[in-house]
Amino acid sequence: MDEKLLKRSRLYYIIEAALEYFISILVAGTFLATLTNDLGFDTATTGVISSIISLGCVFQLIAMFVFRGRVKTPVIILSIFNQLLFTVLYVIPLLGGDEALKRTLFVIAIFVAYLVYNIAHPAKIDWLMSLVDDTKRGRFTATKEIVSLISGTAFTFAMGFVIDYFEAKNDLKSAFIVIAIGMGVLTLMHTLTMVLTVEKPKDTEQKQGFKDTMRVLSDKNVIKVTLAFTLWYIANSFTTPFYGAYQRDVDGLNFPMWFISILAAVYAVARSAFSYVWGAYADKYSFTNMIRICFGVAGVGFLFNVFCVPSNGWVIYTIYYIFNAIAMAGINSALINLCFDYVSEEKRRSALAVSQAIAGLVGFITTMAVSPLVSYIESSGNVLFGIHMYPTQLTSLVSALLTVVCIIYVSIFMVRKRVNNTEMQTQGEENQ
């Protein structure tokens, strides 16, 4: 394809990613906690709802059978439906009637939204990342993240101001109306960027039957990548889903939205500063080596949060957030790019779906298993075994220890040298 056309499409991809990031901000973390608090959900339940993001990854398996050949049109249609459902989340609190019914509708809407999102996700990533040269994926991913983070910071400030302004007037419902309208506009813009992006013809058509797709599960490289995904999801899901509610809880950190917006700015600066560094490092030394370092940084962040309580939360949580930003600058891109590094081209879409589906399911189960403990500690006046502690202090300690397991696994079991396409093709044939 014409290089100018590809270059323009890569620019649209960067814009598409930023717009999608804006929408994701409004349905996660403290924004999600604001919605769930208004609907009467407790901290533990909010954590479980947050983990639906991970559970939704299970439905990426459907992508292996739904998408055959060209994927652009079905991906666009599914994305529109998914984002309209996210918009509905801000409409539900405005409805009259039974509160229990509204909570039920909310859970159904967010579940279906993430189901649809994850069905489309592997095909969309495979489509858009195929526009990028293999030798420049690290730096391109970093550029894409930096644009999303910087613009996302301004967006978070604006939406945080909307929440604080109307909350001060005891009129949170008006804030939900403004945000719902904004999400509708974002959906239109996001759709336009995908329409304008070209779809590059594949060297190999990915028309797989059930048996062909299931062979992906026996590929040793797919298994390695899947285990890397899964171990990280366990570590992250043990505590992160509960942070949003802890920040907004009046008996917890009780952060105002303006401070949360400042945290988002700090996060964006830290992550942007390291995104290109990690990308360049990965292009030179491999994503495997890079992710080991990032897991270590994430572990240090979790360790800081072990000591995070309301009296020092503004400082300690900020430090954790900076370490987390530095780590995620590499982890997010590495997990996806490991599929591109270690799996042959015809299996990438299925490998990405399988890896994220299994990891997402395990992550959701992890959060579900931890949720009763969080509820128990809270109901006991934040006391466990006679020791005063907040639930997230304990879960953060466990997450810190689990990141060590991630590092050990990658160091021992994953190949450190990038596998090239020819080698991957040979390995794929041998596995079949």
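The structure we're discussing is the one just above.
Residues numbered from 1 in each chain as written. Predicted model: local features only at pLDDT ≥ 70, side-chain atom pairs only at ≥ 80, totals over all residues. Heavy atoms only, no water.

Asks: Please explain the nonpolar core as it appears in this structure.
Replies: For soluble globular proteins, nonpolar side chains are generally found buried alongside one another. Core analysis: the biggest nonpolar cluster contains 110 residues, and Tyr90, Phe106, Trp232 and Ile331 have the highest contact counts within it. The biggest single contributor to this core is helix α15 (residues 313–342), with 16 residues. Setting aside chain neighbours within four positions, we find Phe106 in contact with Leu32, Leu35, Thr36, Leu39, Phe41, Ile49, Leu89 and Ile92. (Core = buried A, V, L, I, M, F, W, Y, C linked by side-chain atoms within 4.5 Å. Buried < 20%, exposed > 50% of the residue type's maximum accessible area, 1.4 Å probe, protein only. Helix = DSSP H or I, 4+ residues; strand = E, 2+ residues; numbered from the N terminus. Contact = heavy atoms within 4.5 Å.)

Asks: Can you help me understand the packing of aromatic side chains in this one?
Replies: In this description, an aromatic ring pair is defined by two values, namely the gap between the centres and the angle between the planes. Counted according to the given criterion, the structure contains 27 aromatic pairs. An aromatic cluster is present here, built from Tyr243, Phe255, Trp258, Phe259, Tyr267, Phe302, Trp314, Tyr317, Tyr320 and Tyr321 joined pairwise through their rings. (Phe/Tyr/Trp six-rings, centres within 6.5 Å; stacked < 30°, edge-to-face > 60°.)

Asks: Looking at this model, I keep getting lost on empty space enclosed by the protein. Mind explaining?
Replies: Gaps left between atoms are located by rolling a probe of water-molecule size over the structure's atoms. For the structure on display, the rule yields four cavities of 30 Å³ or more. Here the second largest cavity defines a volume of roughly 50 Å³. Considering the residues around the second largest cavity, the lining is formed by Glu20, Leu78, Ser79, Asn82, Gln83, Tyr117, Ala120, His121 and Lys124. Here the lining of the second largest cavity is built from residues that sort into three nonpolar, four polar and two charged. (1 Å grid on protein atoms, 1.4 Å probe; cavity = no way out; pocket = protein on both sides within 12 Å on 5 of 7 lines; lining within 4 Å. Points joined across faces, edges and corners; volume = space filled by probe spheres on them. Nonpolar A, V, L, I, M, F, W, Y, C, P; charged D, E, K, R; others polar.)

Asks: Just to check I follow, could you spell out the environment of Leu373 for this structure?
Replies: Within the secondary structure layout, Leu373 lies in helix α16 (residues 348–379). The class of Leu373 is partly exposed, set by a relative accessible area of 31%. For the pair Leu373 and Pro391, spaced 18 residues apart in sequence, the C-alpha separation works out to 7.7 Å.

Asks: When you look at the environment of Val225 in this model, what are you seeing that I'm missing?
Replies: With respect to the secondary-structure elements, Val225 resides in helix α11 (residues 220–237). Along the chain, Val225 and Cys339 lie 114 residues apart, while their C-alpha atoms are 6.7 Å from each other. Val225 has contacts with Leu338, Cys339, Tyr342, Ser355 and Met414, leaving out every residue within four places of it along the chain.

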